[in-house]
Amino acid sequence: MLRKLYPYLLLSLFVCTACGTSGKIRVKKHFDSDFFRTQFTGFALYDPEEEALLYSYQSDKYFTPASNTKIFTLYTGLHVLGDSIPALHYAAERDTLYIEGTGNPVFLHPYFKDRNALGFLKNQQLPIAWYPDNFTEERSGPGWAWDDYAYYYAAERSALPMYGNVLTITGNQEKTECFPGYFRDVVNHDSKAPYPRDLRHNTFYIPEYIKTGDTLEIPFIQTTELTTRLLSDTLGKKVFHTTRKLPLNKKTLYSHTPVDSLFRRMMLESDNFLAEQILLMAAGTLSDSLNTRKIIDHTLQRFLPDIPQKPRWVDGSGLSRYNLFTPESMVYVLNRMYHEYPQERLFQLFPAGGVSGTLKHYYKGDGDTPYIFAKSGSLSNNYNLSGYIRTKSGKILIFSYMNNHYMHETTVVKQHMDTLLRYIREHY
């Protein structure tokens, strides 16, 4: 039976006796500093083996989590997707192959290079019709900043993503290469354009600062017509869209990409597009509707009914400032994962301090041996870190450290966090 997060009677104890009075004083002094006076900060430190909350500082307060939201997305994907990525639904009827997207983000993605669905569709002798109406979302998430539309981290969501839903441009203003080549004729070498893409049209601009060898990823606008034309161009055969829903006995084609490769890239690179599509794929396992709200509600009700403070959770990536989570809720889910999945697998999915992903240059351990395995989350004036600490005594502790609405440089915030986390590694 899964252990409970912790006895709530321990909330006022702050530190277990094994840590000693000096540990309690040192951690308390950290947050008594004037540095934290004008910002919002919350912290929770938990021992998963002793089931004890070691320290709590405003850990039941709500914070904007940014990409810490991906911890909840990871938990959902681990529980719902199993060990395979559904690449495509299909059904052959009479003289037509009907297909619908599953939200699969690896189809023609330049990083994953998964060609299973591509080969399947290219080998079809029947005309191909795709059904787009199982996607019941807006292309952008609720609360996303409108002026992020032209940047790679805000790629639009869709049922049948292609090429990561971005145009990749390599080169400079004189000579460029475009991937996919379908968009080549709508790329303009105009350095005066304020954004690399027009707001309402798939017209792209090469900024003045791009140099030979640079790579620029620009989201393209998703429409049914564009996906149909892009799929036809990619396959070299006629594809049309249809309003005819696939039958109940439709089949599923699975990707060759291991699901952990998808989770790992989402977490290490903090890839917003992958996070959003993971929730859509998970939603598709529940019903025929790719709907983020449905899978979020399912996760909270089915898997996390006892979470200490129910979050306001609206997207998969954390791009939205509507999201609100507490440090305690972060620790709760991290603790669930710690007890439900092997440590070796789990820690491989998180950035390692000083070694990999978004933590490669921060929270470095001794030599090449990391002691922090955690997910960061950044928005302007917000920086959070939640995950696992391996201490010098060999213990694994779970923590969530959230900082919102500060006016300091983020590097200074990270330095204060590093000081505390290193102290915990040395003394717990």
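Look up a bit, the structure's there.
What counts as what
Residues numbered from 1 in each chain as written. Predicted model: local features only at pLDDT ≥ 70, side-chain atom pairs only at ≥ 80, totals over all residues. Heavy atoms only, no water. Helix = DSSP H or I, 4+ residues; strand = E, 2+ residues; numbered from the N terminus. Polar contact = N/O pair within 3.5 Å; in protein donor to acceptor, adjacent residues only side chain to side chain. Contact = heavy atoms within 4.5 Å. Salt bridge = Lys/Arg side-chain N within 4 Å of Asp/Glu carboxyl O. Buried < 20%, exposed > 50% of the residue type's maximum accessible area, 1.4 Å probe, protein only. Axes fitted to C-alpha atoms, helices over the stretch in contact; angles between N-to-C directions. Parallel < 35°, antiparallel > 145°, perpendicular 65-115°, else oblique. Nonpolar A, V, L, I, M, F, W, Y, C, P; charged D, E, K, R; others polar. Pairing = 2+ DSSP bridges. Core = buried A, V, L, I, M, F, W, Y, C linked by side-chain atoms within 4.5 Å.

Engineer: What exactly am I supposed to notice about the side chain of His30 here?
Structural biologist: Along the chain, His30 falls in helix 1 (residues 20-32). Side-chain polar atoms of His30 contact the side chain of Tyr401, separated by 2.7 Å. Discounting chain neighbours no more than four positions away, the residues touching His30 are Phe36, Tyr401, His416 and Leu420.

Engineer: Which parts of the structure should I look at to understand the pattern of salt bridges?
Structural biologist: In a structure, side chains of opposite charge can pair up when their charged atoms sit close to one another. One pass over the structure, following the stated rule, counts 17 salt bridges. Across the salt bridge formed by Glu276 and Arg157, the nearest N and O atoms sit 3.6 Å from each other. With Glu276 in helix 6 (residues 272-284) and Arg157 in the loop between strand 5 (128-130) and strand 6 (166-171), this residue pair connects regions lying 119 residues apart in the sequence. We classify Glu276 as buried; its relative accessible area is 1%. Here Arg293 ties to Asp297 by a salt bridge, and the two come within 2.9 Å at their closest N and O atoms. Of this pair, Arg293 and Asp297 are both found in helix 7 (residues 292-303), four residues apart, which corresponds to roughly one turn of the helix. In this structure, a network of salt bridges that share partners links the residues Glu100, Lys245, Lys250 and Asp288.

Engineer: Sorry if this is basic, but what is going on with the packing of helix 2 (residues 69-80) against helix 7 here?
Structural biologist: To characterise two packed helices, one gives the angle between the axes of the helices and the distance between these axes. Packing of helix 2 against helix 7 brings their axes to within 11 Å, and their N-to-C directions diverge by 75°. With respect to their mutual orientation, helix 2 and helix 7 come out roughly perpendicular. In this structure, helix 2 uses Tyr75, Thr76, His79 and Val80 to contact helix 7, whose residues at the interface are Ile295, Thr299 and Phe303. Residue classes in the contact of helix 2 with helix 7 are distributed as four nonpolar, three polar and no charged.

Engineer: It is not clear to me how the pairing of strand 4 (residues 96-100) should be interpreted in this structure. Could you clarify?
Structural biologist: If a strand is regular, its side chains alternate between the two faces of the sheet. Summarising burial for strand 4: five of the five residues are buried, a large majority. Side-chain alternation along strand 4 places Thr96, Tyr98 and Glu100 on one buried face and Leu97 and Ile99 on a second face that is also buried. By the bridge criterion, five bridges tie strand 3 (residues 86-93) to strand 4 in an arrangement that is antiparallel. Opposite Ala91, over in strand 4, you have Tyr98 as the bridge partner. Hairpin remark: strand 3 followed by strand 4, antiparallel, with two residues in the connecting loop; positive phi at Arg94, about 55°.

Engineer: Explanation requested: the nonpolar core in the structure shown.
Structural biologist: Proteins that are soluble and globular tend to have nonpolar side chains buried together. Core analysis: the biggest nonpolar cluster contains 53 residues, and Leu74, Leu304, Val333, Met337, Phe350 and Tyr388 have the highest contact counts within it. Put simply, the parts of the chain that give this core at least two residues each are strand 1 (40-47), helix 2, helix 5 (259-268), helix 6, helix 7, helix 8 (327-340), helix 9 (343-348) and strand 15 (396-404). The dominant element in this core, judged by the number of residues it contributes, is helix 6, at eight residues. With residues near it in sequence (within four places) discarded, Val333 still touches Ile71, Phe72, Tyr75, Leu304 and Ile307.

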